[in-house]
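In case you want the letters, here they are:
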Amino acid sequence: MGRRYDPERRQRIIEAALRVAGEKGIAGLSHRTVAAEADVPLGSTTYHFKTLDDLLVAALRQSNEGFAQMVRDRGGLRDPDADVPAELAALLGEWASGRREAVELEYELYLSALRRPALRPVAAEWCEGVAEVLRERTDPVTARGLVAVMDGICLQVLLTGGEYDEAYTQDLLGRVFNSAGSAAS
């Protein structure tokens, strides 16, 4: 029997990895559990992703893409008259109001870079991608600071089980954003 052409198999494997990680955590992720979830032979997962870290890199990159696309699509961030802190706070609110499980999974994948060095460049890509958009409106140091504040607020909401507070976020981001102008004087 010849090989079956299946151009979508790699993507199905990534999506299956995200579902497995979402249900069982990263500790429950293996080539075997992903192959079963994707309904593909075990050899397909190892063909497309030689190591588990390779699979996690692809999964993290895909999960990051959702937020990155929201940032790119947010026209107000590029509008010179827009209130950047308000835009960012609203953006985070939209993202956080989605399925909490999806946000938790994104952060679990993101934080797994602490123990898996192969994931660190992907985590850094996320930070750099958001900062790149923000550098159109402020200096590089402030852009990185805004990303750090957004990251910290999201992490605190997830870890404490609290609710996202858009007004608090806007105020805090405003303090960082506005300090760039006063630091230049």
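Criteria and cut-off values
Residues numbered from 1 in each chain as written. Predicted model: local features only at pLDDT ≥ 70, side-chain atom pairs only at ≥ 80, totals over all residues. Heavy atoms only, no water. Helix = DSSP H or I, 4+ residues; strand = E, 2+ residues; numbered from the N terminus. Polar contact = N/O pair within 3.5 Å; in protein donor to acceptor, adjacent residues only side chain to side chain. Contact = heavy atoms within 4.5 Å. Expected span 1.5 Å × (residues − 1). Buried < 20%, exposed > 50% of the residue type's maximum accessible area, 1.4 Å probe, protein only. Phe/Tyr/Trp six-rings, centres within 6.5 Å; stacked < 30°, edge-to-face > 60°. pLDDT = per-residue confidence, 0-100.

**Section: the side chain of threonine 138**
For step 1, the next point in the chain: Within the secondary structure, threonine 138 sits in the loop between α7 (120-134) and α8 (140-160).
For step 2, the next point in the chain: In this structure the side chain of threonine 138 is engaged in a polar contact, spanning 3.3 Å, whose partner is the side chain of aspartate 139.
For step 3, the next point in the chain: Not counting the four nearest positions on each side in its chain, threonine 138 is found in contact with Ala143, Leu146, Phe177 and Ala180.

**Here we look at α8**
For step 1, the next point in the chain: A rise of 1.5 Å per residue sets the reference length of α8, with its 21 residues, at 30 Å; its end C-alpha atoms lie 30 Å apart and thus fit the reference within 8%.
For step 2, the next point in the chain: If you check which residues of α8 are buried, you get Thr142, Ala143, Leu146, Val147, Val149, Met150, Asp151, Ile153, Cys154, Val157 and Leu158.
For step 3, the next point in the chain: Near the N-terminus of α8, the side chain that reaches the backbone nitrogen of valine 141, with its oxygen 3.1 Å away, is that of aspartate 139.
For step 4, the next point in the chain: Where α8 terminates, the next one or two residues include glycine 161, which has phi positive at roughly 75°.

**Structural notes on unusual backbone geometry**
For step 1, the next point in the chain: Within the chain, aspartate 39 stands out as a residue other than glycine whose phi angle is a positive 55°.
For step 2, the next point in the chain: Inspection of the secondary structure assignment puts aspartate 39 in the loop between α2 (31-38) and α3 (42-48).
For step 3, the next point in the chain: In this structure aspartate 39 comes out as exposed when scored by relative accessible area, which is 70%.

**Remarks on the environment of alanine 89**
For step 1, the next point in the chain: Secondary-structure assignment places alanine 89 in helix α5 (residues 84-96).
For step 2, the next point in the chain: Residues alanine 89 and aspartate 79, spaced 10 residues apart in sequence, show a C-alpha to C-alpha distance of 16 Å.
For step 3, the next point in the chain: Aside from chain neighbours lying at most four places away, what touches alanine 89 is Tyr164, Glu166, Thr169, Gln170 and Leu173.

**A few points about the packing of aromatic side chains**
For step 1, the next point in the chain: Applying the stated criterion to the full structure yields 3 aromatic pairs.
For step 2, the next point in the chain: Consider the rings of tryptophan 95 and tyrosine 107, whose centres lie 6.0 Å apart with planes at 50°: the pair is tilted. Residue tryptophan 95 is located in helix α5, and its partner tyrosine 107 is located in helix α6 (residues 100-111); the two are separated by 12 residues in the primary sequence.
For step 3, the next point in the chain: Centroid distance tyrosine 107 to tyrosine 110: 5.6 Å. Interplanar angle 85°. Geometry classified as edge-to-face. Here tyrosine 110 and tyrosine 107 lie together in helix α6, a separation of 3 residues that amounts to about one turn. The pair tyrosine 107 / tyrosine 110 is uniform in exposure class, with both members buried.
For step 4, the next point in the chain: Members of the aromatic cluster, joined through ring pairs, are Trp95, Tyr107, Tyr110 and Trp126.

**Points about the confidence of the model for the chain**
For step 1, the next point in the chain: When pLDDT is averaged along the chain, the result is 88, and 95% of the positions lie at 70 or above.
For step 2, the next point in the chain: Mean pLDDT across the elements of the chain ranges from a minimum in α6, with 85, to a maximum in α2, with 96.

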